[in-house]
Amino acid sequence: MPKITSVEGRILFNSRGSKTIEVDIVSDNRFLGRVCSPSGASVGKYEAVSFPNENPEDSLKILKQNSQKFIGLESSDLKAIHDTLRSLDNSNNYSIIGGSLAFAVTIASMESASKALEQPLFKTLSTDSEFKFPIPIGNILGGGAHAGPGTPDIQEILICATGAKTIEDAIETNLAVHKELRKVLQKQDPSFTNGRGDEGGWAPKLENLKALEVSAKACENLGFTLGKEVALGVDFASSTQWNEGKGKYLYDRAGFENSTGEQIDFAADIIDKFKLIYAEDAVHEEAFEDMAELAAKFPNTLVTGDDLTVTSKDILTKAIKVKACNAAILKVNQAGSLYDALEFANVANQNNVKLITSHRSGESTDSQISHIGIATGSKMLKVGVVGGERIAKLNELLRLSGHDFICGMAEI
Ligand code: PGA
Ligand code: ZN
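Worth saying up front: this structure is predicted, and the values here are computed from it rather than measured. (Residues numbered from 1 in each chain as written. Chains lettered and ligands numbered in written order. Predicted model: local features only at pLDDT ≥ 70, side-chain atom pairs only at ≥ 80, totals over all residues. Heavy atoms only, no water.)

Colleague: Run through the pairing of strand S5 (residues 135–142), naming residues and quoting values.
Modeller: Residues in a regular strand point their side chains to alternate faces of the sheet. Taking burial as the measure, the 8 residues of S5 include 8 buried ones, the bulk of the element. Summarising the sheet, S5 and strand S15 (residues 380–382) pair through 3 bridges and their orientation is parallel. Counted as the bridge partner of Pro-136 is Leu-381 from S15. (Buried < 20%, exposed > 50% of the residue type's maximum accessible area, 1.4 Å probe, protein only. Helix = DSSP H or I, 4+ residues; strand = E, 2+ residues; numbered from the N terminus. Pairing = 2+ DSSP bridges.)

Colleague: Pulling in residues and values, what's your account of the coordination of the zinc ion (ligand 2)?
Modeller: Here the zinc ion (ligand 2) is held by Asp-235 (OD), Glu-280 (OE) and Asp-306 (OD), and the distances to it run 2.0 to 2.2 Å. Along the chain, the residues that donate to the zinc ion (ligand 2) are spaced as D-x44-E-x25-D. Remark: Asp-306 occurs in the loop between strand S12 (302–305) and helix H9 (313–321) and Glu-280 occurs in strand S11 (residues 278–280); sequence separation between them is 26 residues. One exposure class covers both Glu-280 and Asp-306, and it is buried. (Donors = N, O, S within 2.8 Å, 3.2 Å for Na, K, Ca; no water.)

Colleague: Please set out the nonpolar core residue by residue, giving values where relevant.
Modeller: Grouped together as the largest cluster of nonpolar side chains are 74 residues, with contacts concentrated most on Val-105, Tyr-278 and Leu-338. Split by domain, the residues of this core number at least three in each of domain 1 (4–118) and domain 2 (135–401). For Tyr-278, the residues in contact, after removing those within four places along its chain, are Ile-137, Leu-158, Leu-232, Gly-233, Val-234, Thr-301, Leu-302, Thr-304, Ile-329, Ile-356, Met-380 and Lys-382. In terms of nonpolar packing, the next biggest core, distinct from the first, is built from 53 residues, Ile-157, Val-184, Leu-276 and Ala-282 among them. (Core = buried A, V, L, I, M, F, W, Y, C linked by side-chain atoms within 4.5 Å. Domains from an automatic or database assignment. Contact = heavy atoms within 4.5 Å.)

Colleague: Which residues make up the domain arrangement of the chain, and what values go with them?
Modeller: Structurally, the chain comprises domain 1 (4–118) and domain 2 (135–401). Averaged C-alpha coordinates put domain 1 and domain 2 at centres separated by 27 Å. Roughly 2500 Å² is buried in total at the junction of domain 1 and domain 2, and carbon and sulfur atoms are behind 55% of that figure. Across the contact surface, domain 1 and domain 2 share 3 salt bridges. Where Arg-360 meets Glu-47, a salt bridge forms, and the shortest distance between an N and an O atom there is 3.1 Å. (Buried area = accessible area lost by both parts, 1.4 Å probe. Salt bridge = Lys/Arg side-chain N within 4 Å of Asp/Glu carboxyl O.)

Below you can see the structure in the form of C-alpha cells.
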C-alpha cells in the first residue's frame, strides 16, 4: 500500500481573494495529492472553525511543525490520517489546528493514494462497485450574503435539470437556463450590469419573489415545464435573516419581517408556487421543529439542512429524531476532516436522508468534491453553474462520463 513520503503546505487565495491553505501530500515519492481549502460566507454556528485565530498562517505553522507525524502512514488509511490530526486537536470544532487544515490533509492524502492505486478518487473513497452521477444543482441568481444591496434577501435561486438522462445534458441544461436568465434580466431592466454574486449566479436588483419569477420565466422561455425537465431550488440561508433578539426574520432589503409562523408560510408559499424540488435552510439553524413542519408538508421536495445540520453526524442524528429534514448538505469543511464527513454520510444514507454534496462560496479550482459526491451516493452536487472554480467541478464530472463504474444519473 502507498506510504506518505512528504507533506508540505502553503498559503494561497480562494475565489473571493481571501487567504487559505493548500496541502501537498506525496506517496511513494511520486504520487501527489494537492488540495486547497474553500471557505463559506454564510457560515453555520456549529461548523468547524476554518483557522485558529482566523489565521491561515497559524494552520500552516502547525502543519510544518507536525509534518513528520504523517510520514510513513498509509495514504489510503483515512482513519490513521484523521487520528493523527486528532492527536493535535481534540476540540469538537478543530479550533486548534483549523478545519481547513483537516480538510486539505485528509483529501490530499486520499487523492495521493488514489493516484498510487491507479484508480479514480471516488473508487478509493467507497467500497461500492456501482455509482451514479449526482444531479448538478447550481446557483442562477444570488443575493443574501453572496451579493450586494438591492439583491434578494434569499441567498440562492438554483436550477436543476431533473429530467436529464445524462450528465452532459444536465450540465448543458443548467448552462442554458443561466444564459437565458441574463436575457430575461436585461429585458426587464436595461441598466442591469450583468453583475454576479460569489457563486456565479446573476445578482440583479430584485425583490425575492420577482427574482423567482424571472428565474421561472427563463425556464419557460426555453420550453421547459417546472417540475418536469427542470426544477428550481432555493437556499433561503435563513440564519442570515434570523434576529435572535427580536425572534423574527428580518428581510431588510425587501423591507418586511417574518414571525416564525410567517416564515414557515413564506417558505411554503414559495415551494408551492414555484414547485421547488429543493428548499435549503428555510428556517434558521436551530429551528428543528419548524423545519420538521415543512418536511412533513413537502415530502416530494428536498427539505434540506445546511446550517441546520453542518455536516455533523451528532446534529444530523438529532435532526433525524424529529424528522427535521429529508435531505442534508455535505460540506467537508463544515465537518473538518474527510473522515468526519464520510461518517456523516453514513448516518444520512442509513436513515434515508438524501445527500447533497456542496461547494462553498469561496472556492478553489479543485474538483475532488465531484468524486466525494459520487462516492457518498449524493443525489445532487451543488457546485454552481458558471465561474472557473465552479466549472472545474462540472468538467470533472464530464471527464468521468462513460467511466466503467458509473451508470446513469441519481434518482431523487
Ligand atoms: P457559504 O454558502 O459557502 O457562503 O456558506 C453556501 C450555502 O449556504 O449553501
Ligand atoms: Zn446553504
